[in-house]
Amino acid sequence: MFLLRKEFRQIFRNPGILRIMLIAPIVQLLVLPWAADYEIKNINICVVDYDHSTVSEQLINKILSSGYFKMSGYESDYKKSFDQIQRDKADIILQIPMNFSRNLIKNSSQDLFVAVNAINGTKAIIGSGYLNSIIMDFNKDLRMKLLPVTRVNSMPTIDITSSDWYNPNLVYAVFMVPGILVLLLTLVGGNLSAFNIVKEKEVGTIEQINVTPIKKHIFILGKLIPFIIMGLVVFTIGMIIAAVVYHIIPVGSMALLYLFALIYLITLVGFGLLISTYSETQQQAQSLTFFFLIIFNLMSGLFTSIDSMPYWAQIVTKFIPLTYFIEVMRMIVLKGSQLKDVYYQLGVLVFMGIVLNTWAIINYRKTT
């Protein structure tokens, strides 16, 4: 009890720790979902129109009215438009040939030339996909207008209506916020706890604790509990922000979410304390923590799908606690998954928590 009181006093006496624990997660949760957005908009398109017809004008208007493209130039020849790509002012060039509308009506076909700046591969693929979809839709509408009425009526049509599950409006923040909540717990549980024992070593209080009859597991437990409590507070604040700002209300059980958050915090705090036992200075702890957390964040499935990673990387992700909690957060919050759907992830996190905390207890050398 006295050890817990000491830890909480140490936390509340340090305003820097409180700012990192409370203010930083709130700011990150308000900023990151909008910054980490893979929905591509404002794609700069340069148009070279050799036709100057009503049909070509309608096509250009349809592209610009989609909301994904903005006109960066309307050039008279291809060389001028290509110069815009070289100066990074255009992402895509659309060249409409001469007699575009006449050939389209008379011959029922006409080629368009599209050049894409592929330095940013993601933007190139998504942008060209948007443009192809708009052109195909425009072609379909034009054919329906040009075909005779009797022919149109005689053609069988299939109406397709689609609905998206779990994220009906395809809002990217809905996908990112549950993952960012896990990232916030990682910063609190893994980062701050890594400096705890090291700070005791640098200040010299660790020697005073070592001569007391406190056992090693009690000492580690006293270091563990405060960060778990603070982590749950941060998690609660994050859930409130997700509900108020992003209107994300968990479909599944809140109790199950907090159970996973508790086990995850135990695992991450154990990982941080393990780093702390191996480090002699806070700089060493910071370097080790930064190294591991960068790998955890990039390979956990937060930003990129694990299925799209190489096979060796998929194996590595199985040893990262973030992988399982991010997956569970999205399953419970968005899909409403129950305990029977996530028991595997629960078992893995429990196992990791036992291993890391036991390792930290064994590695802590207490001298008397």
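Preceding block: the structure.
Residues numbered from 1 in each chain as written. Predicted model: local features only at pLDDT ≥ 70, side-chain atom pairs only at ≥ 80, totals over all residues. Heavy atoms only, no water.

Caption draft 1: Main features of the overall build of the protein. In terms of regular secondary structure, the protein is built from 16 helices and 4 strands. Here the protein holds 368 residues, and 44% of them are scored as buried. Restricting to contacts in the protein with at least 6 residues of sequence separation, those with at least 24 account for 77%. (Helix = DSSP H or I, 4+ residues; strand = E, 2+ residues; numbered from the N terminus. Buried < 20%, exposed > 50% of the residue type's maximum accessible area, 1.4 Å probe, protein only. Contact = heavy atoms within 4.5 Å.)

Caption draft 2: Structural view of the layout of surface pockets. Within this model, the largest pocket holds a volume of roughly 600 Å³. Around the largest pocket sit 23 residues that line it, and Gly-301, Ile-306, Thr-323, Glu-327 and Arg-330 are the ones nearest its centre. Looking at the lining of the largest pocket, the elements with two or more residues in it are α14 (311–317), α15 (321–335) and α16 (339–363). Per-element tally for the lining of the largest pocket: the top contributor is α15, with 8 residues. A breakdown of the residues in the lining of the largest pocket according to their chemical character gives 9 nonpolar, 9 polar and 5 charged. (1 Å grid on protein atoms, 1.4 Å probe; cavity = no way out; pocket = protein on both sides within 12 Å on 5 of 7 lines; lining within 4 Å. Points joined across faces, edges and corners; volume = space filled by probe spheres on them. Nonpolar A, V, L, I, M, F, W, Y, C, P; charged D, E, K, R; others polar.)

Caption draft 3: Focus on the side chain of Thr-186. Checked against the element boundaries, Thr-186 lands in helix α8 (residues 172–194). In this structure the side chain of Thr-186 is engaged in a polar contact, spanning 2.8 Å, whose partner is the backbone oxygen of Val-182. Only 2.5 Å separates the side chain of Thr-186 from the side chain of Tyr-264, close enough to count as a polar contact. When sequence neighbours within four positions are dropped, the list of residues in contact with Thr-186 reads Asn-191, Tyr-264, Leu-268, Leu-293 and Leu-322. (Polar contact = N/O pair within 3.5 Å; in protein donor to acceptor, adjacent residues only side chain to side chain.)

Caption draft 4: Structural context of the packing of aromatic side chains. By the definition in use, this model includes 13 aromatic pairs. Between Tyr-278 and Trp-359 the ring centres are 6.4 Å apart and the planes differ by 90°, which places this aromatic pair in the edge-to-face class. Remark: Trp-359 occurs in helix α16 and Tyr-278 occurs in helix α12 (residues 254–278); sequence separation between them is 81 residues. Classification of Tyr-278 as partly exposed rests on a relative accessible area of 45%. Each residue in the set Phe-271, Phe-291, Phe-292 and Phe-296 is aromatic and connected to the rest through ring pairs, giving one cluster. Over the ring of Phe-175 we find Arg-330, and its NZ or CZ is 3.7 Å from the ring centre. (Phe/Tyr/Trp six-rings, centres within 6.5 Å; stacked < 30°, edge-to-face > 60°. Lys NZ or Arg CZ within 6 Å of the ring centre and 35° of its normal.)

Caption draft 5: Region of the structure containing the packing of α8 against helix α13 (residues 282–299). Interaxial distance between α8 and α13 falls to 9 Å at its minimum, and their mutual angle equals 160°. By the criterion of interaxial angle, the relationship of α8 to α13 is roughly antiparallel. Once α8 is placed against α13, the crossing between them reads as right-handed. Between α8, through Leu-183, Thr-186, Gly-190, Asn-191 and Ala-194, and α13, the contact on the second element is made entirely by Ala-285, Thr-289, Leu-293 and Asn-297. For the contact of α8 with α13, the residue count by class is 4 nonpolar, 5 polar and no charged. (Axes fitted to C-alpha atoms, helices over the stretch in contact; angles between N-to-C directions. Parallel < 35°, antiparallel > 145°, perpendicular 65-115°, else oblique. Left-handed = near helix turned anticlockwise from the far one by under 90°.)

Caption draft 6: Structural context of empty space enclosed by the protein. If you walk through the whole model with that rule in mind, you get 2 cavities of 30 Å³ or more. Taken as a whole, the largest cavity encloses approximately 40 Å³ of empty space. Pro-25, Ile-26, Val-234, Ile-237 and Gly-238 are, among the 10 residues lining the largest cavity, the residues nearest its centre. Counting only elements with at least two residues in the lining of the largest cavity, the list comes to α2 (15–35) and α11 (216–245). Ranked by the residues each element gives to the lining of the largest cavity, the list is headed by α2, at 5 residues. Looking at side-chain class alone, the lining of the largest cavity contains 9 nonpolar, 1 polar and no charged residues. The volume enclosed by the second largest cavity comes to roughly 30 Å³. In terms of lining residues, the second largest cavity is bounded by Val-177, Pro-178, Leu-181, Met-239, Ala-242, Ile-248, Met-329 and Val-333. Every element with two or more residues in the lining of the second largest cavity is listed here: α8, α11 and α15. If you tally residues by element for the lining of the second largest cavity, the top one is α8, at 3 residues.

Read these as layout, nothing more, since geometry by itself doesn't imply function.
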